[in-house]
Amino acid sequence: MANAVTSHPVIAAIVTIVVTLLGRFALKGYRVRKAVHDAPGPPHSWIWGHLLVMNELMTSGEVPIKVHPHVTPLAFRQKYKLGPYFYLDFWPFGPVMFCCADPELGAQFTTIHSTPKHPEVITTMQNIAGPGDLVSTSGSHWRKWRSVFNPGFAAQHLMSLVPGIVDDCKVFTEVLTGLAEAGKPFRMEEYATRLTIDVIGKVVLNMRFDTQTGSNPMVNALRDQIFWIPNDTAMDPFKPYYPRGIYHRWQNSRTINNYLGEVLDKRFQEILHENSADESTSPRERKRAIIDLAVESYDKETDSRTHQTTRLSSDFRRNAITQIRVFLFAGHDTTSAAICYALYYLSKDSAALSKIRHEHNTVLGPIDSTEEALKRDPYLISKLPYTTAVIKEVLRLNPAASSIRSADSQTHLTDPRTGEPLIMVPDMMLWLLHWSMHRDPEVWGPTVNTFNPDRFLPENSSTLPEAYWRPFERGIRNCIGQDLAMIESRVALALVVRQFEFTAAFDAVDQMAGDGTMYGKDPKYREGTQELLGDEAYPVLVGTAKPREGMPMRVKLA
Ligand code: HEM
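As recorded in an unreviewed UniProt entry, the protein goes by the name Cytochrome P450, listed as coming from Cryoendolithus antarcticus. In UniProt, the protein has this text filed under Cofactor (unreviewed entry): "heme". According to UniProt, the comment filed for the protein under the heading Pathway (unreviewed entry) is "Secondary metabolite biosynthesis."

Under the local residue numbering, the UniProt record ascribes the feature "binding site: heme" (unreviewed entry) to Cys479. Tracing the chain through its elements places Cys479 in the loop between helix H20 (441-444) and helix H21 (482-496). Looking at Cys479, the relative accessible area reads 31%, which means it is partly exposed. Discounting residues that sit within four places of it in the chain, Cys479 has contacts with Arg146 and Phe472.

With respect to topology, three strands assemble into an open sheet ordered S3-S9-S6, the strand pairing being antiparallel. Taken across any chain shown, the strands that pair with only one partner, and hence form the sheet edges, are strand S3 (186-187) and strand S6 (500-504). Note: S6 against strand S9 (residues 552-557), five bridges, orientation antiparallel. Counterpart to Thr503 in the pairing with S9 is Arg554. The strands touched by helix H15 (residues 314-348) are S6 and S9; relative to S6, the strand with the most contacts, the crossing angle is about 90°.

Here we take up the domain arrangement of the protein. According to the domain assignment, the protein contains domain 1 (1-37) and domain 2 (38-557). Between the C-alpha centres of domain 1 and domain 2 the distance comes to 45 Å. Each side of the interface is counted separately: domain 1 has ten residues, and domain 2 has 17 residues. Both faces combined, the contact of domain 1 with domain 2 buries some 1,300 Å², and carbon together with sulfur accounts for 66% of it. Of all residues in domain 1, Arg33, Val36 and His37 bury the most surface against domain 2, accounting for 61% of the area lost on that side. Seen at the junction of domain 1 and domain 2, the total is one salt bridge. When the residues that make up the side of domain 1 that touches domain 2 are grouped by side-chain class, the tally is five nonpolar, two polar and three charged.

Analysis parameters
Residues numbered from 1 in each chain as written. Predicted model: local features only at pLDDT ≥ 70, side-chain atom pairs only at ≥ 80, totals over all residues. Heavy atoms only, no water. UniProt positions renumbered as here; feature names shortened; annotations may be inferred. Helix = DSSP H or I, 4+ residues; strand = E, 2+ residues; numbered from the N terminus. Buried < 20%, exposed > 50% of the residue type's maximum accessible area, 1.4 Å probe, protein only. Contact = heavy atoms within 4.5 Å. Pairing = 2+ DSSP bridges. Axes fitted to C-alpha atoms, helices over the stretch in contact; angles between N-to-C directions. Domains from an automatic or database assignment. Buried area = accessible area lost by both parts, 1.4 Å probe. Salt bridge = Lys/Arg side-chain N within 4 Å of Asp/Glu carboxyl O. Nonpolar A, V, L, I, M, F, W, Y, C, P; charged D, E, K, R; others polar.

The structure is reproduced here in structure tokens:
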């Protein structure tokens, strides 16, 4: 046999390559296991890394099978009495993860040295938006686009959007009235999502999508795209390669890009036209929709007036579409979950519901004139401390995301208490865990898992562990849309909480299973433990962290 191999050069070459690859694989595995074996973390196996403890956690019923992955590090921390940072090793199915629930340590890789986003974030965002999007890119490309879009989120401009948001929330109340009349359980996420999509359509494209009353092909493709993102690859590494998924992602991307490309070209022509009409008169009023800011930046870059540019370059066009796509996604997905959770927690806490209704009666006047009051004086929205506290508490209990970075050659982490250097593994994922920080009993006390908006009232600010509340992240890579999200959620609550009575309808999930939604189709969502930390509304991974089963609810007129 040995003779056959050595005498045949092709076989010998293949054997050499295979042996070399296996050797490299084994060496990498050995290095990873060696680095993590004695590092802080759950019990570690030389053969399986942390795969066995993960399997045990997921199958023992300690957490629901479909729970969002950002929940599991806290479950490990509590189960194995770990400190605020530790390592998880799922090699070869994923990178070594450095799980961090310490803001001071987190600052070392997010603020003091802002590390790049992790390749897994980049791949996910590429499916949603395309390469080079604002969320996952870094360096000069990120800096350029962030500065282009910052004016779109200036406080004064956001206030000018309030009347439009009020109109969309009014439609939301009409939809809810219809659902109350129908008297059937429904998935709140569906309706909250249509609301936030309508809002973001105006903010980004200055367009009405009207998805609350109709349908839009681009929005349908965008939403479908989110369901086809292969983002639980640690459980199924082959998911990105399923032909059906590849086809749907390609087809959706095509629909979205064609639609946005046409809108962008049309807007560019309009702006060229406005510019030439304005040349002899006063400077054009500055538009701040995301699409206008993008086109203006092109105008500046190319000086289209001097150079008679009449078309967007293909490079710019591709980039602008990517950024528009990322805003359409990030601008609706997270806020809709926040609105769902707010209505859910208020439905379970009659004292909080009374307080928020009282605040609205006092500041906004009778419900029938609230729409008008907010349009007349959008700044009323800033005079609702209890409503703001409700949303902040909702975002504490259910953060939509976390920050996932990648260790680079300049990443040197040290333990903030001892100053000792921490173990670094090549390509390590640095995971700053919002869920773990927001649910840390040592920080938030014994009521950590209880909905208690009072902790965010201004009079309690001195006892608030501010650095541990970071639903929008902090530092230079914080959420550009956070003020918009807060405004939108407050307007929605202002128009809704006095008009309707909600109750959670998790008892009806089996009844709703045939409704064609992803939740309905996949029975795993309803298998095993259906509670997390005393709550039946727990997060699952669908784009971002969404409420289980799309937050089933019943609604009645109040
Ligand atoms: C409740 C609602 C929202 C939550 C909880 C949220 C959360 C976050 C978080 C945690 C990040 C940082 C992600 C990371 O470190 O990788 C982020 C970034 C971002 N968010 Fe939001 N977001 C919300 C609403 C919005 C809205 C309404 C928009 C757009 C209008 C938006 C656009 C973005 C963008 C573009 C980034 C990337 C910013 C950058 O890196 O420069 N978000 N968001």
